[in-house]
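Observations on chain architecture
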Amino acid sequence: MRPPRSPEKPAEDAPGLPVRRAALRVLDAVIRRGQPLEQALGPASREISRADDRALVHAIAAETLRRMVDLDALIDSATQRVLPDDAKARMALRIALVQALALGTPAHAAISTVLPLVDGGPRKLVHGVFGTLVRGNAVLPEHPSLPVPVALRWQAAWGDAVVIAAERALAVPPALDLTLADDTQTDDLAARLNGVSLMPGHLRLADHAAIPDMEGFSEGSWWVQDLAASLAARLIGRGEGQAIDLCAAPGGKTLQLAAAGWKVTAVDNNESRLARLRDNLERTNLQANIVTADALKWSPKAPADVVLLDAPCSATGIFRRHPDVLHRVLPSQISEMAALQTQLLARAADWVRPGGVLVYAVCSLEPAEGEAQLEAFLASRADFAIDPVRTDELPPGMLAHSRGWLRTLPGTLAEPGSDLGGCDGFFIARMIRTG
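Residues numbered from 1 in each chain as written. Predicted model: local features only at pLDDT ≥ 70, side-chain atom pairs only at ≥ 80, totals over all residues. Heavy atoms only, no water.

**A few points about the overall build of the protein**
Put simply, the rule reads: Helix numbers and strand numbers start at the N terminus; a helix is a DSSP run of H or I with at least 4 residues, a strand a run of E with at least 2. Our radius of gyration is a C-alpha quantity, and the globule rule it is checked against amounts to 2.2 Å times the number of residues to the power 0.38. Accessibility here uses a 1.4 Å probe with only protein chains present; expressed as a share of the type maximum, an area under 20% marks a residue as buried, one over 50% as exposed, and anything in between as partly exposed. Any pair of residues with heavy atoms lying within 4.5 Å of one another is described as a contacting pair. His residues and chain termini do not enter the charge count, which takes Lys and Arg as positive and Asp and Glu as negative. By convention, the charge on Lys lies at NZ, on Arg at CZ, on Asp at CG and on Glu at CD.
Looking only at helices and strands, the protein features 16 helices and eleven strands. For 435 residues, the compact-globule estimate of 2.2 N^0.38 gives 22 Å, and the C-alpha radius of gyration of the protein, at 23 Å, lies within 12% of that figure. With the principal axes as the frame, the protein shows a C-alpha extent of 75 × 45 × 45 Å. Going through the 435 residues of the protein one by one, you find that 53% of them count as buried. In the protein, the share of contacts with a sequence separation of at least 24, taken over all contacts with a separation of at least 6, comes to 70%. With 45 positive and 51 negative side-chain charges, the protein shows a separation of 6 Å between the mean positions of the two kinds.

Shown next, in the form of structure tokens:
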């Protein structure tokens, strides 16, 4: 790789510049303002009309976040003074380096499309640091490093092996998981989509076309849903009674419950996310009663047979596909989410009929949002007991905890030498109301 020889100011309308400018805006929104990556993409990409260019914005931003710890280590090794974390020069260098070292962009293109993003002295600094690293044959490690606060937190909770597994999982975006509306079609769809099934009603695809163009999408045969995320509704099983899906949007679990025969009331306070659920219900020809409401204020007319609470959480369990959570979720936010979960769980419990089922789930790797939340709930509600998850309800290779709940971690279904591909981090507890 050979960078340009001169840091002269490139033309402001250089090809590829709008994409890099948008990627810079996305990273600024995530790192400085704490916005989720997906939320930041739309506003940052307004001036970009082509779908492939918008996809490149996402790829650059996501890979930068995935590799940021190691990118910063390279940058710091080539500067006399440490640049502020949110300095534009550091941001530009991250974008240039991730393209050259991880995305296969030629070095001259990687640097020429970011130099217009900085002015004056910082431009010369960016050009000089990039050139030094490229000439020195800089490389990124095979497995990205976790941010130190995250690594220490997860090491304390789960041990060194999980931290290593998380770094391995972070190296590549995960495969695409599908949940099927009819699990009897698993073998047929697996053959037609060239997928692998880890349990009936599930497919995993390593390679695929654009989702709307895939076979079975328009017919409503399936929807996108990580395997771990699908287990909360799977543990409820089939039924014909009343089910409440709280914090339901964008609706994967609502679709599962409806496909399993339940009469579902889906409650969420986000109308734009509920619009996606309405679209998916129409596409899959499934039925549910949708309620736009705050679950802390709304109440059902009568108790239900089943209540599923997939509670708002830190979302640290989905870091493989949303690496922004590693950089924007702070311990204070985890505590705030845990307090909200306690309130929601207390309300949801009152809406379960005696003998009915309550399922609590979070896509979090934080014990405060999972194990500790369950322990506190059971201590406060003698009328609920854990209904232990059975091995035959889970994919081969996945085990429930000895206490009866399910905890998936980095490394679950991703043992070295296995082609299973792993899953998101989740905590799921199934409980019965005993009185």
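**Concerning helix 2 (residues 37–44)**
Because an α-helix completes one turn every 3.6 residues, residues spaced three or four positions apart along the sequence face the same direction. To keep things clear, this is the line we draw: For this quantity, the arc is that covered by the directions from the helix axis to the C-beta atoms.
What helix 2 keeps buried is the set Leu 37, Ala 40, Leu 41 and Ala 44. Within helix 2, the buried residues cover an arc of 115° as seen down the axis, which keeps them to one side. Contacts made by the buried residues of helix 2 are with helix 1 (17–31) and helix 3 (51–66).

**A word on the nonpolar core**
Our working definition: What we call a nonpolar core is a set of buried Ala, Val, Leu, Ile, Met, Phe, Trp, Tyr and Cys residues that are connected through their side-chain atoms within 4.5 Å.
Judged by nonpolar contacts, the single largest core of 86 residues is most densely connected at Trp 154, Leu 246, Val 307, Leu 309, Leu 358 and Ile 428. Broken down by element, the residue count for this core peaks at seven residues, all from strand 8 (residues 352–362). Core analysis: the next-biggest nonpolar cluster, separate from the first, contains 48 residues, Ala 89, Ile 95, Ala 96 and Val 118 among them.

**Let's talk about the pairing of strand 1 (residues 176–180)**
Where we set the bar: Two strands pair under a simple rule: DSSP has to find at least two bridges between them.
With five of its five residues buried, strand 1 lies for the most part within the structure. Because side chains alternate across strand 1, one face comprises the buried residues Leu 176, Leu 178 and Leu 180, and the other comprises Asp 177 and Thr 179, equally buried. Note: strand 1 against strand 2 (residues 202–205), four bridges, orientation antiparallel. Looking across to strand 2, one finds that Asp 177 is bridged to Arg 204. Pairing geometry for strand 1 and strand 3 (residues 222–224), over three bridges, is antiparallel.

**Structural notes on the packing of aromatic side chains**
The description of two aromatic rings rests on the distance between their centres and on the angle between their planes. For the record, the criterion: Note on aromatic pairs: the rings of Phe, Tyr and Trp (six-membered ring only in Trp) are paired at centre separations within 6.5 Å, and the planes decide the class, stacked below 30 degrees, edge-to-face beyond 60, tilted for the rest.
According to the stated counting rule, one finds six aromatic pairs in the structure shown. Between the aromatic rings of Trp 405 and Phe 427, the centroid separation amounts to 6.0 Å while the plane-to-plane angle is 50°, which identifies the pairing as tilted. Here Trp 405, found in the loop between strand 9 (384–386) and strand 10 (406–408), pairs with Phe 427, found in strand 11 (residues 426–433); they are 22 residues apart in sequence, far enough to count as distant. A relative accessible area of 5% places Trp 405 in the buried class. The exposure class assigned to Phe 427 is buried, which follows from its relative accessible area of 0%.

**Brief notes about the pairing of strand 4 (residues 242–246)**
For the record, the criterion: Orient the strands so they point away from the viewer; a crossover is then right-handed if the path from the first strand over the helix to the second runs clockwise.
Taken across its five residues, strand 4 has four buried, putting it largely inside the fold. Here five bridges tie strand 4 to strand 5 (residues 263–268), and the two strands are oriented parallel to one another. Along strand 5, the bridge assignment pairs Ala 243 with Val 264. This β-α-β element, strand 4 to helix 12 (residues 252–259) to strand 5, shows right-handed connectivity. Bridge count between strand 4 and strand 7 (residues 304–310): four bridges; the pairing is parallel. By the bridge assignment for strand 7, Asp 245 is matched with Leu 308.

**Observations regarding the sheet that holds strand 2**
Spelled out, the test is: The angle between two axes is taken between their N-to-C directions and runs from 0 to 180 degrees, where each axis is a line fitted to C-alpha atoms and a helix contributes only its stretch in contact.
Pairing is antiparallel across the open sheet formed by three strands, whose spatial order is 2-1-3. Looking at strand neighbours, the two that pair on one side only are strand 2 and strand 3, the edges of this open sheet. For this sheet, the mean inter-axis angle between neighbouring strands, taken without regard to orientation, is 30°. Sheet contacts for helix 10 (residues 186–193): strand 1, strand 2 and strand 3; angle to strand 2, the most-contacted strand, approximately 10°.

**A word on unusual backbone geometry**
Between Ala 249 and the following residue, Pro 250, the backbone shows a cis peptide bond with an omega angle of 5°. Backbone geometry at Asn 137 places phi at a positive 55°, although glycine is not the residue there. Within the secondary structure, Asn 137 is located in the loop between helix 7 (120–135) and helix 8 (148–158).

**Side note on the confidence of the model for the protein**
To be explicit about the condition: A score from 0 to 100, pLDDT tells how confident the predictor is in each residue.
Averaged over all residues, the pLDDT of the protein is 94; the fraction at 70 or higher stands at 96%. Every residue in residues 6–12 scores below 50 in pLDDT, and together they form 15 contacts with partners more than four places removed in sequence or on other chains.

**So, the packing of helix 1 against helix 3**
Operational definition: Oblique is the label for every angle not falling under 35 degrees (roughly parallel), over 145 degrees (roughly antiparallel), or within 65 to 115 degrees (roughly perpendicular). For a crossing to be left-handed, the near helix must be turned anticlockwise from the far one by less than a right angle; the clockwise case is right-handed. Each residue gets one of three labels, nonpolar for Ala, Val, Leu, Ile, Met, Phe, Trp, Tyr, Cys and Pro, charged for Asp, Glu, Lys and Arg, and polar for the others, Gly among them.
Relative orientation of the contacting elements helix 1 and helix 3 amounts to 45°, with a least axis distance of 9 Å. Judged by the inter-axis angle, helix 1 sits oblique to helix 3. Relative to helix 3, the crossing made by helix 1 is right-handed. Residues Val 19, Arg 20, Ala 22, Ala 23, Val 26, Leu 27, Val 30 and Ile 31 of helix 1 form the contact with helix 3, whose participating residues are Asp 53, Leu 56, Val 57, Ile 60, Ala 61, Thr 64 and Leu 65. In the contact of helix 1 with helix 3, the residues fall into twelve nonpolar, one polar and two charged.

**Looking at the environment of Leu 406**
Assignment of secondary structure puts Leu 406 in strand 10. The class of Leu 406 is buried, set by a relative accessible area of 1%. For the pair Leu 406 and Glu 371, spaced 35 residues apart in sequence, the C-alpha separation works out to 9.7 Å. When near neighbours in sequence (up to four residues on either side) are disregarded, Leu 406 contacts Leu 231, Leu 394, Met 398, Leu 399, Ala 400, Phe 426, Phe 427 and Ile 428.

**As for the pattern of salt bridges**
As a reminder, the rule being used: Definition used for salt bridges: Asp or Glu carboxyl oxygen within 4 Å of a side-chain nitrogen of Lys or Arg.
For the coordinates displayed, the defined rule picks out 34 salt bridges. The shortest N-O distance in the salt bridge between Arg 66 and Glu 63 comes to 3.4 Å. Residue Arg 66 and its partner Glu 63 are located together in helix 3, separated by three residues, close to a single helical turn. Taking the relative accessible area as the measure of exposure, Arg 66 reaches 3% and is therefore buried. Put simply, Asp 72, Asp 76, Asp 85, Arg 90 and Arg 94 are held in one network by salt bridges that share partners.

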